[in-house]
Amino acid sequence: MALSSPGTLSPEPLDSSDPDPGGPLEEEPGLLPCEIRGVPMVVASTLDPEAECSMDVILVGSSELSCPPSPGSHRDLIAHEVKVNQRDIEDLCICCGSFQVHTQHPLFQGGMCAPCKDKFLDCLFLYDDDGYQSYCSICCAGETLLICEIPDCTRCYCFECMDTLVGPGTSGKVQAMSNWVCFLCLPFPRSGLLQRRPKWRGRLKAFYDQESESPLEMYKTVPMWKREPVRVLSLFGDIKKELTSLGFLETGSGTGRLKHLDDVTNIVRRDVEEWGPFDLVYGCTLPLGQASGRPPGWYLFQFHRILQYARPRRSCPRPFFWMFVDNLLLTEDDRPIATRFLETDPVTIQDVCGRAVQDAVHLWSNIPAVRSRHSALVPQEELSLLARDRQRAKSSTPGPAKLVKNCFLPLREYFKYSAELTSSL
């Protein structure tokens, strides 16, 4: 059995009663789970989301991150409450076993308490460097995770959820299998107490829109067989290398395309509409050391202008994403203006080596999980010192694309990608 870094997420099983199926088996109706090739892998989570006071921070390369604690052992009572006491599973939190149900789990039948709801919102769309999601698709925790072997499925499930909700010893049986298909990719909806919800993609969107504190609407995820290549407009900074390494862009037919513009001064709406439509618009302030006679705020306002040209009409349901990255060049007065124009708060993504911050950027985006909270918040004063040191050194710095690359991974739920290219992650 191969070992992998933490990963998690899961497509959906087929069910004649489910008009919104989400597994690749629907592309090949005659294919049985045993015909899907692959070797199950075990992964271990390494992130530890925590709330913080002002700006959300994502750390890259920190050795101090740890996984969220697994739900307590009282989860063992779930099966007893349902089977013996005849309690409705919707009245139990299937993530931890609590009776204090706040809402319903969006993917599987069962309740969810408020703390588990918050953890789910923070963690479901977080990915690791191996391209798999970081946490269990049921409880968004777990220390050891099993990866689904369906191509293009990035979901994982923890041992505790398997043994509690499917049946004792399930995790061991799955480990011994040569081929394993996860609970959202199976052609049947129920495995023990674990039952996939009909139309779970729509329920997941509604869950995020209702429960998340973000003012931005989440787009409904797209079934694998309906995903199209991504069309990208890249302003000022080129992210072709990063998106290619993630499998979104590739030479040949059937893959995404990217248009890069360094100067948009004379670009008008008609130009963008002729080049488009676009699914992703990316922009950034220039890295320190690259010659530019324009102030950092110019890049922000030009990005916002072009973004309005590229947006689909409100009546159009297709997913549309954007990202603006600041290389610590915007002033303290500029950042609130960026937040007002882009209608969301920024996060800070840091490259940390030990306790020292090597690099950092501010990021505004509507991509899922970008606003997820993480530990080890570095004070704003330290970021200001880092920015001043950069300017005093007057040496060129790498672009922000390396730091933000993994923020594009949730787009795998919406667009085609080539799994073969992700080995370079």
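Computed from a prediction, not measured in an experiment: that's the story for all the values here.

Here is what the cut-offs are and how they apply
- Residues numbered from 1 in each chain as written.
- Predicted model: local features only at pLDDT ≥ 70, side-chain atom pairs only at ≥ 80, totals over all residues.
- Heavy atoms only, no water.
- Helix = DSSP H or I, 4+ residues; strand = E, 2+ residues; numbered from the N terminus.
- Buried < 20%, exposed > 50% of the residue type's maximum accessible area, 1.4 Å probe, protein only.
- Contact = heavy atoms within 4.5 Å.
- Areas by Shrake-Rupley, 256 points an atom, 1.4 Å probe, with all protein chains shown as cover.
- Arc of directions from axis to C-beta.
- Phe/Tyr/Trp six-rings, centres within 6.5 Å; stacked < 30°, edge-to-face > 60°.
- Lys NZ or Arg CZ within 6 Å of the ring centre and 35° of its normal.
- Salt bridge = Lys/Arg side-chain N within 4 Å of Asp/Glu carboxyl O.
- Core = buried A, V, L, I, M, F, W, Y, C linked by side-chain atoms within 4.5 Å.
- Axes fitted to C-alpha atoms, helices over the stretch in contact; angles between N-to-C directions.
- Parallel < 35°, antiparallel > 145°, perpendicular 65-115°, else oblique.
- Nonpolar A, V, L, I, M, F, W, Y, C, P; charged D, E, K, R; others polar.
- Disulfide = S-S within 2.5 Å.
- Polar contact = N/O pair within 3.5 Å; in protein donor to acceptor, adjacent residues only side chain to side chain.

**So, the overall build of the protein chain**
- Per the secondary structure count, the protein chain includes 11 helices and 15 strands.
- Per-residue burial for the protein chain yields a buried fraction of 56% across its 425 residues.
- Sequence-distant contacts, at least 24 apart, represent 70% of the contacts inside the protein chain between residues at least 6 apart.
- For the protein chain, the exposed surface amounts to about 18,600 Å²; the carbon and sulfur share of it is 51%.

**Quick look at helix H9 (residues 334-342)**
- For H9, the complete set of buried residues consists of Asp334, Arg335, Ala338 and Leu342. Considered in projection along H9, the buried side chains sweep an arc of 95° and stay on one side of the axis.
- Positive backbone phi, at 65°, marks Glu343, one or two positions downstream of H9.

**Remarks on the packing of aromatic side chains**
- Inspection of every chain in the model, using the stated rule, returns 18 aromatic pairs.
- Where Phe236 meets Trp298, the ring centres are 5.7 Å apart and the plane angle is 50°; that geometry is what we call tilted. Within this pair, whereas Phe236 is found in the loop between strand E10 (231-235) and helix H6 (240-245), its partner Trp298 is found in helix H8 (residues 296-310), the two being separated by 62 residues in sequence.
- Between the aromatic rings of Phe301 and Phe341, the centroid separation amounts to 5.5 Å while the plane-to-plane angle is 70°, which identifies the pairing as edge-to-face. Highlighted residues: Phe301 in helix H8 and Phe341 in helix H9, separated in sequence by 40 residues.
- With relative accessibility at 39%, the residue Phe301 sits in the partly exposed group.
- Positioned above the aromatic ring of Trp298, the side-chain terminus of Arg294 is 4.1 Å from the ring centre.
- Between Arg412 and the ring centre of Tyr417, over which it is positioned, the NZ or CZ distance is 4.2 Å.

**Some thoughts on the pattern of salt bridges**
- By the definition in use, this model includes 10 salt bridges.
- Across the salt bridge formed by Arg87 and Glu81, the nearest N and O atoms sit 3.1 Å from each other.
- Relative accessible area serves as the criterion here: at 31%, Arg87 is assigned to the partly exposed category.
- The shortest N-O distance in the salt bridge between Asp263 and Arg294 comes to 3.4 Å.

**Looking at the nonpolar core**
- In terms of nonpolar packing, the biggest core is built from 86 residues, with Val404 and Phe408 touching the most fellow members.
- Residue contacts for Phe408: discarding those within four places in its chain leaves Ile239, Leu243, Leu246, Phe248, Leu280, Tyr282, Met323 and Ile367.

**What about the packing of H8 against H9?**
- H9 packs onto H8 with a crossing angle of 0° between their chain directions and a minimal axis gap of 11 Å. Relative to H9, the element H8 is oriented roughly parallel. Residues Gly297, Leu300, Phe301, Phe303, His304 and Leu307 of H8 form the contact with H9, whose participating residues are Asp334, Ile337, Ala338, Phe341 and Leu342.
- The residue makeup of the contact of H8 with H9, split by class, is 8 nonpolar, 2 polar and 1 charged.

**What about the packing of helix H2 (residues 114-123) against helix H5 (residues 200-211)?**
- Two elements in contact, H2 and H5, have axes whose closest approach is 11 Å; the angle formed by their N-to-C orientations is 110°. Classified by the angle their axes make, H2 and H5 are roughly perpendicular. Between H2 and H5, the contacting residues are Lys117, Phe120 and Leu121 on the first element and Leu204, Phe207, Tyr208 and Glu211 on the second.
- In the contact of H2 with H5, the residues fall into 5 nonpolar, no polar and 2 charged.

**Some words on the state of the cysteines**
- Going through the model one piece at a time under the given rule, you end up with 0 disulfides.
- Free of any disulfide, Cys153 has its nearest cysteine sulfur in Cys148, 3.6 Å distant.

**Description of the environment of Cys185**
- Within the secondary structure, Cys185 sits in the loop between helix H4 (170-176) and strand E8 (190-191).
- Taking the C-alpha atoms as reference points, Cys185 and Arg196, separated by 11 residues in sequence, lie 9.7 Å from one another.

**Brief notes about the side chain of Thr170**
- Of note, Thr170 is situated in helix H4.
- Polar side-chain contacts of Thr170 include one of 2.6 Å to the backbone oxygen of Gly167.
- Residues within four places of Thr170 in sequence aside, it is in contact with Met162 and Asp163.

**A few points about unusual backbone geometry**
- Following Gly276, the chain continues into Pro277 via a peptide bond in cis, with omega recorded as 5°.
- Locating Pro277 in the fold gives a position in the loop between helix H7 (269-275) and strand E12 (280-284).
- Phi angles above zero are rare outside glycine, and Lys199 is one such case at about 50°.
- Here Lys199 lies in the loop between strand E9 (194-195) and H5.
- The backbone of Leu328 shows a phi angle near 60°, a positive value even though the residue is not glycine.
- Assignment of secondary structure puts Leu328 in the loop between strand E13 (321-326) and H9.

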